[in-house]
Structures are given as C-alpha cells and as structure tokens.
Amino acid sequence: MKTRTPISVYITVAVISIFIAFEMSGDPGYLKTPLFWGILVIISILLLIMDSIGDLVENANFQLLTDDEKKEYLKEKSIPYFQKLWNSAFKKQSAKEEEEILIDHGFDGITELDNALPKWWLGLFYFTIISCAIYLFAFAFTDYAHPDKEYQDETKLQLASIKDYEKLAPAVTMETARYNAENITEGEQIFKTNCVSCHSESGRGGIGPNLTDNKWINIKQKSLFKNVFWMLENGSPNNPTMRPFIKEGIITGRDAEKVAAYIYHINQEKSPITEAQGGAAPQGEEAHWVE
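Rules behind the numbers
- Residues numbered from 1 in each chain as written.
- Predicted model: local features only at pLDDT ≥ 70, side-chain atom pairs only at ≥ 80, totals over all residues.
- Heavy atoms only, no water.
- Helix = DSSP H or I, 4+ residues; strand = E, 2+ residues; numbered from the N terminus.
- Buried < 20%, exposed > 50% of the residue type's maximum accessible area, 1.4 Å probe, protein only.
- Polar contact = N/O pair within 3.5 Å; in protein donor to acceptor, adjacent residues only side chain to side chain.
- Contact = heavy atoms within 4.5 Å.
- Core = buried A, V, L, I, M, F, W, Y, C linked by side-chain atoms within 4.5 Å.
- pLDDT = per-residue confidence, 0-100.
- Phe/Tyr/Trp six-rings, centres within 6.5 Å; stacked < 30°, edge-to-face > 60°.

1. Observations regarding the side chain of Ser236
- Checked against the element boundaries, Ser236 lands in the loop between helix H10 (224–234) and helix H11 (253–268).
- On the basis of relative accessible area, Ser236 is assigned to the buried category, the value being 12%.
- At a separation of 3.1 Å, a polar atom in the side chain of Ser236 contacts the main-chain amide nitrogen of Asn239.
- Setting aside chain neighbours within four positions, we find Ser236 in contact with Asn218, Met231 and Met242.

This is the structure we're talking about:
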C-alpha cells in the first residue's frame, strides 16, 4: 500500500493554480474580489474533505495487511515526503530492489529495470498540461497574452502620461520654443487639422501662401522656425484670415512648436512644390533665414 501525498502539497498546488488562473484573467484587482477568496476557501475545504476520506480508506486498507506488511508500511510512512521525492529522483536502488523490478526479455538477452517515473517529474508533467489548458482558455476567451491588446493599453497609458506632463509642464513661448525633428509627425497632424483649409495639403498653398518656397509675406523673425511660431501666436498683420491661433486658444504653444517644426521640415528639408507641381505662385519677398 502506497503512502499518500500530504494534504499541504495539494493545497499549495491548488492555491498556486488559482493564482495563475486569476492572473491570466487580466483583472489586476482580483485579490479584492469575493469570487477569488470564495473559490480559494471552497477548494481548500474540498481538499480537506478528500484527505479525510483518504484517511478512512487508508485505515480500512491497513487493517487488511499482514503484520509484516504493516511494519513495512509504517517504516515507509515514517520517511518524510520530500525525502521520498529526493530518493525517487537520485537514490539508486539496492541489488535486491533491482532484482524485483528487473524485466528479462528472454529471447534477445536484454534486461531492463521497470522503474517508476519520479514524482517530481510527473508533477511537472501534469502541471505543464494544466498550465497549457489554462493559458489556451485565457487566450481564447480573455484579453490575456494578446500583444495587440497589450500594445493598445500601453499606448493609452503613454498618451495619458503625455497629457498629464503637458498639463504640468511650463507653457512653450517664443523664447523657449525649439526645433525638434521628433515633433514633425505630430506637427503634421495638427497642421492638417487647422491649416490645410488655407495652405492645402503638404503646405503647397491655395487661399494662403505656399509654405514650401522661399518667398514670405511676413518676416518677423530671423529664423524660419521662430517666424512660424510668431505667426501662429500673433497672426498676420497683412491678412486677418491668418488668425493668432495661440492667443485665441485654438492651439497651445506646445502645439505651435510642433507645427513650426513641420513647416520648417517641408520648407528647409524637402524640395519646394512648384507651380508646375500644383503649388501656389510665390508671394512676398525672398527670405534669408538664420539657423
């Protein structure tokens, strides 16, 4: 009669499995839910009941053993459980024990030992199967382990952190505004929202002047980047259609910094869009910008 696995091992494995299952559910606050603790308590009670039934069965079977078998069983049971696990994995059996589990093929002269698999190996094997089943269920029916969902969540957190930073960060002014190539992409989106109606796609010009050539109606600053920022802040003294976007609260100084970066990019780092390519005719005087 084999000795049984202690109830503490079953409860430990059950608790770990429940933690893994809830962790895969994607709910970060599961430790505060009654469902988690309810399942934990119910499973523990069921395991204790199972262990009690096992004790009754074990006692009944023990009474059926002979005196020698009882002594052997008690001797085996006196060995600590984890010591048995260690022995099953690393301790070599005696010659007598090997003789008892030796299988002789007879016809080919080959002999083999009918060793049982170590309990730790079986435990890992079954744990892997259970973990795989839980993972597949979580992947199919929850948001756990979905890279696209994790990416979306991370993106939302980053965008929220940017907004929080911009609320607390000092306002960008003419003096503090700086060109940064990393602002070009975002500046293009702000440009499309607020400026395309007059300056057309890619700044080629339409109602408003062409922003890709070197002719400018308003030259208020020595550098192109600062000049664009000035226009966004104060508007055009020659054309009321070009309003003071910053002063009217349509965009912030930080937005203007990004738009200025985009306009600098299409004017200085890309080829101008000529009339033959669909651009508006040059207006104003030639600008000589200082970097």
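2. Describing the nonpolar core
- Core analysis: the biggest nonpolar cluster contains 30 residues, and Phe191, Trp216, Val228, Phe229, Leu232, Ile251 and Ile263 have the highest contact counts within it.
- Broken down by secondary-structure element, the contributors of at least two residues to this core are helix H8 (184–194), H10 and H11.
- Beyond its immediate stretch of four places on either side in the chain, Phe191 contacts Val196, His199, Ser200, Gly203, Leu211, Val259, Tyr262 and Ile263.
- Grouped together as the second largest cluster of nonpolar side chains are five residues, Ile18, Phe22, Phe36 and Leu40 included.

3. A short note on the confidence of the model for the protein chain
- Averaged over every residue, the pLDDT of the protein chain is 87; the share at 70 or more is 95%.
- Ranking the elements of the protein chain by mean pLDDT puts helix H5 (residues 95–100) last with 69 and H10 first with 96.

4. Brief notes about the environment of Phe245
- Here Phe245 lies in the loop between H10 and H11.
- Its relative accessible area of 10% is what places Phe245 among the buried residues.
- Sequence-wise, Phe245 and Phe229 are 16 residues apart; in three dimensions their C-alpha atoms are separated by 10.0 Å.
- Setting aside its immediate chain neighbours within four residues, Phe245 contacts Asn194, Leu232, Ile250 and Ile251.

5. Brief notes about the packing of aromatic side chains
- A full pass over the atoms with the stated rule returns 15 aromatic pairs.
- Judged by centre distance (5.1 Å) and plane angle (90°), the ring pair of Phe22 and Phe36 falls under edge-to-face. In this pair, Phe22 sits in helix H1 (residues 7–24) while Phe36 sits in helix H2 (residues 34–63), placing the two residues 14 residues apart along the sequence.
- The buried category is assigned to Phe22, whose relative accessible area is 13%.

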